[in-house]
Amino acid sequence: MAAKPKTAVQKAKVDLPANVQAAMANDIASFQNRLAAPTGNRIAVTQDRKFRAPGGDKFDRIAGVVVDFIAKKAWYPNPYDKDNIVPPHCFGLGFVAHSAMEPSENSPERQCETCATCPKNAFGSAENGKGKACKDSYVLALLGPNADEEEGSPLMTLEISATGIKPFEKYVRDLARETNKAPYAFVTEFFMDDTVDYASVRCGFPTEASPALIDMALSRREEAAALLSTE
């Protein structure tokens, strides 16, 4: 089987003549004008601790209304390679607690009947012996903070990795206990934990959403569920 092509550019310092560089600058502008606008609805978390919007812009912080969220589990047999992104060999999605999940029937290499009984779900099963080989996360469906003022505002997704799960769960529980309201009644800020040197998403600083924005979030719940449950 042929090896999958790498997508990263091999960087090398090459000094180009001024006339070549000028011509190239003009061509870059021309090429960009031919390209279709970037599509997709995923807000990525980058290794340099930024949020990258589908259009490519990066931000230190973002804000949005959490319309819904889903639990996700994913097992990869090989270490992460940013230059060769591959799908998980076993995975699960569910609107249940992580402990109650089952791997999808569509997993290429389904490892167990239930996630709770899977050896790869046990602490210490990771290659470094510290965590789990199968990674837990939450995937959130978000509306922009001004979606009620923007016609056709899309739902966006943001994945909260394992290191952010407990803080996210605490945030949702605290909102319910202190306000008796669901997360979609607020505009939530998302930012990086500055106590660690890796990308780990945190959320907080809720502000009351407008009645129109709450109504919109409610009206988009079914759409959010369909988006989040798409494998």
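The text that follows walks through the structure, step by step, so that each part is easy to find.

About the thresholds
- Residues numbered from 1 in each chain as written.
- Predicted model: local features only at pLDDT ≥ 70, side-chain atom pairs only at ≥ 80, totals over all residues.
- Heavy atoms only, no water.
- Phe/Tyr/Trp six-rings, centres within 6.5 Å; stacked < 30°, edge-to-face > 60°.
- Helix = DSSP H or I, 4+ residues; strand = E, 2+ residues; numbered from the N terminus.
- Buried < 20%, exposed > 50% of the residue type's maximum accessible area, 1.4 Å probe, protein only.
- 1 Å grid on protein atoms, 1.4 Å probe; cavity = no way out; pocket = protein on both sides within 12 Å on 5 of 7 lines; lining within 4 Å.
- Points joined across faces, edges and corners; volume = space filled by probe spheres on them.
- Nonpolar A, V, L, I, M, F, W, Y, C, P; charged D, E, K, R; others polar.
- Polar contact = N/O pair within 3.5 Å; in protein donor to acceptor, adjacent residues only side chain to side chain.
- Contact = heavy atoms within 4.5 Å.
- Expected span 1.5 Å × (residues − 1).

**Details of the packing of aromatic side chains**
Reasoning step 1: Throughout the structure, instances matching the rule amount to four aromatic pairs.
Reasoning step 2: Ring plane angle 80 degrees and centroid distance 5.4 Å describe the contact between Phe 69 and Tyr 138, whose orientation is recorded as edge-to-face. With a gap of 69 residues between them, Phe 69 in strand S4 (residues 62–75) and Tyr 138 in strand S6 (residues 134–143) connect regions that are remote in the sequence.
Reasoning step 3: Its relative accessible area of 26% is what places Phe 69 among the partly exposed residues.
Reasoning step 4: Assessed through its relative accessible area of 7%, Tyr 138 is described here as buried.
Reasoning step 5: When the ring of Tyr 138 is compared with that of Phe 168, the centres are 5.4 Å apart and the planes differ by 55 degrees; the resulting orientation is tilted.

**A few points about the layout of surface pockets**
Reasoning step 1: Empty space within the second largest pocket amounts to approximately 460 Å³.
Reasoning step 2: Elements that contribute at least two residues to the lining of the second largest pocket include exactly S6 and helix H2 (165–179).
Reasoning step 3: With four residues, the single largest contributor to the lining of the second largest pocket is S6.
Reasoning step 4: Per-class residue counts for the lining of the second largest pocket are seven nonpolar, five polar and six charged.

**Some details on the side chain of Lys 132**
Reasoning step 1: Following the sequence through the fold, Lys 132 ends up in the loop between strand S5 (90–94) and S6.
Reasoning step 2: Separated by 3.0 Å, the side chains of Lys 132 and Asn 121 make a polar contact.
Reasoning step 3: Excluding residues within four positions of it along the chain, Lys 132 makes contact with Lys 73, Lys 120, Asn 121, Ala 122, Phe 123, Ser 125 and Ala 126.

**Structural notes on H2**
Reasoning step 1: An ideal rise of 1.5 Å per residue puts 21 Å on 15 residues; H2 measures up with 21 Å between its terminal C-alpha atoms.
Reasoning step 2: Contacts from the buried residues of H2 go to S4, S6, strand S7 (156–160), strand S8 (186–192) and strand S9 (201–208).
Reasoning step 3: Once H2 finishes, Asn 180 follows within two positions and takes phi at roughly 60 degrees, a positive value.

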